[in-house]
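Chains, contacts and geometry: an overview
The primary structure of each chain is shown beneath.
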Amino acid sequence: MSREKSKPEAKSAADFIPPDPTLPRLTEAAASCTGCNLYKQATQTVFGEGPRKAKVFFVGEQPGDQEDRAGHPFVGPAGSLLNKALIEAGIARGETYVTNAVKHFKWEPQGKRRKHKKPNAAELAACKPWLQAELNAIRPKVVVCLGLTAAQSVFGRAVRLGDVRGTFHKTSLADDVFATVHPSSILRHPEKEQRDEEYRKFVSDLRLVRERLSSHHPEG
Ligand code: URA
Ligand code: SF4
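As a starting point, this report considers the structure included with it. (Residues numbered from 1 in each chain as written. Chains lettered and ligands numbered in written order. Predicted model: local features only at pLDDT ≥ 70, side-chain atom pairs only at ≥ 80, totals over all residues. Heavy atoms only, no water.)

All right, on to the pattern of salt bridges then. Tallied over the entire structure, the rule returns 16 salt bridges. Residue Glu 108 is joined to Lys 117 by a salt bridge in which the shortest nitrogen-to-oxygen separation is 3.9 Å. Between Arg 200 and Glu 197 there is a salt bridge; the shortest N-O distance is 3.0 Å. Of this pair, Arg 200 and Glu 197 both sit in helix 8 (residues 192-214), 3 residues apart, which is roughly one turn of the helix. Bridged by salt links that share partners, the residues Asp 65, Asp 68, Arg 69 and Arg 114 form one connected network. (Salt bridge = Lys/Arg side-chain N within 4 Å of Asp/Glu carboxyl O. Helix = DSSP H or I, 4+ residues; strand = E, 2+ residues; numbered from the N terminus.)

One key point about sheets: their strands pair by backbone hydrogen bonds, in either a parallel or an antiparallel sense. Taken together, the 5 strands give an open sheet; going across it, the order is 2-1-5-7-6, and neighbouring strands pair in mixed fashion. With one partner strand each, in any of the chains shown, strand 2 (96-100) and strand 6 (168-169) form the two edges of the open sheet. Pairing analysis gives 4 bridges linking strand 5 (residues 142-146) to strand 7 (residues 177-180), with the strands arranged parallel. In the strand pairing of strand 7, Leu 146 is matched with Thr 180. Packing of helix 5 (residues 148-155) onto the sheet brings it into contact with strand 1 (56-60), strand 5, strand 6 and strand 7, and relative to strand 5 it is tilted by some 135 degrees. (Pairing = 2+ DSSP bridges. Contact = heavy atoms within 4.5 Å. Axes fitted to C-alpha atoms, helices over the stretch in contact; angles between N-to-C directions.)

Neighbouring residues of ligand 1: Gly 60, Glu 61, Gln 62, Pro 63, Gly 64, Glu 67, Pro 73, Phe 74, Asn 100 and His 182. A distance of 2.9 Å separates a nitrogen atom of ligand 1 from a polar atom in the backbone of Gln 62. Asn 100 has a polar side-chain atom sitting 2.7 Å from a nitrogen atom of ligand 1. For ligand 1, the protein covers 94% of the area, taking 240 Å² as the surface of the free molecule. Of the residues contributing to the shell around ligand 1, the split by class is 3 nonpolar, 5 polar and 2 charged. (Near = heavy atom within 4 Å. Polar contact = N/O pair within 3.5 Å; in protein donor to acceptor, adjacent residues only side chain to side chain. Areas by Shrake-Rupley, 256 points an atom, 1.4 Å probe, with all protein chains shown as cover. Nonpolar A, V, L, I, M, F, W, Y, C, P; charged D, E, K, R; others polar.)

This part takes up helix 1 (residues 23-30). Of all the positions in helix 1, only Leu 23, Leu 26, Ala 29 and Ala 30 are classed as buried. Relative to the axis of helix 1, the buried residues are bounded by an arc of 130 degrees and lie together on one face. Exposed residues pointing more than 90 degrees away from the buried face of helix 1 are listed as Pro 24 and Glu 28. Of the surrounding secondary structure, the elements contacted by the buried residues of helix 1 are strand 2 and helix 4 (121-138). (Buried < 20%, exposed > 50% of the residue type's maximum accessible area, 1.4 Å probe, protein only. Arc of directions from axis to C-beta.)

Its place among the elements puts Thr 180 in strand 7. Taking the C-alpha atoms as reference points, Thr 180 and Ser 80, 100 residues apart in sequence, are found 17 Å from one another. When sequence neighbours within four positions are dropped, the list of residues in contact with Thr 180 reads Val 144, Cys 145, Leu 146, Gly 147, Leu 161, Arg 165, Phe 202 and Asp 205.

This is the structure we're talking about:
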């Protein structure tokens, strides 16, 4: 084991969490996070958004191209689909907080486009203190993982979406965690019929969340 002198470079978001971490303070502090290398390539930090009293907390993967430019989560095509599905499932947008497992857009050039690139395990771990702090500030009744990357961060281990989808779980991060697909995965299906089918399943998953919210009695 090599013993190094104190490193100037931050190793995770933990170095940036402010004392007395209210949501506004967290949002402000996250804007200058350099806890992993992803800030270098992105336009800005895209922190979570929603009311502090939100009952349901959605976790995506990372901001996309449009979110990176706008500085707000889920404002692109995946966000539109999510909003539509929330309405159909009867979940009020006003009681919903949305955030991402990683707060900076990771991409690689593909012609003129910026092509989304999956965050790796080290980046997920580096960014997790923000997610933890958001959860601590909000204490939602239900946490919903949108897709595998979010589930891996929230469950804290390698999971298969097929194993955890559609059911409620207790994890080290939260007591009532639900997982479903990422809305982008629905949009990626080439056939309209399959997209419609996947969308219907997504909405029925969200209906389970809505039922949970109205019947919820938190267990310790
Ligand atoms: N996809 C995500 O996972 N998060 C966003 O904010 C937008 C697209
Ligand atoms: Fe910090 Fe997360 Fe951005 Fe990495 S991805 S720099 S940990 S906010």
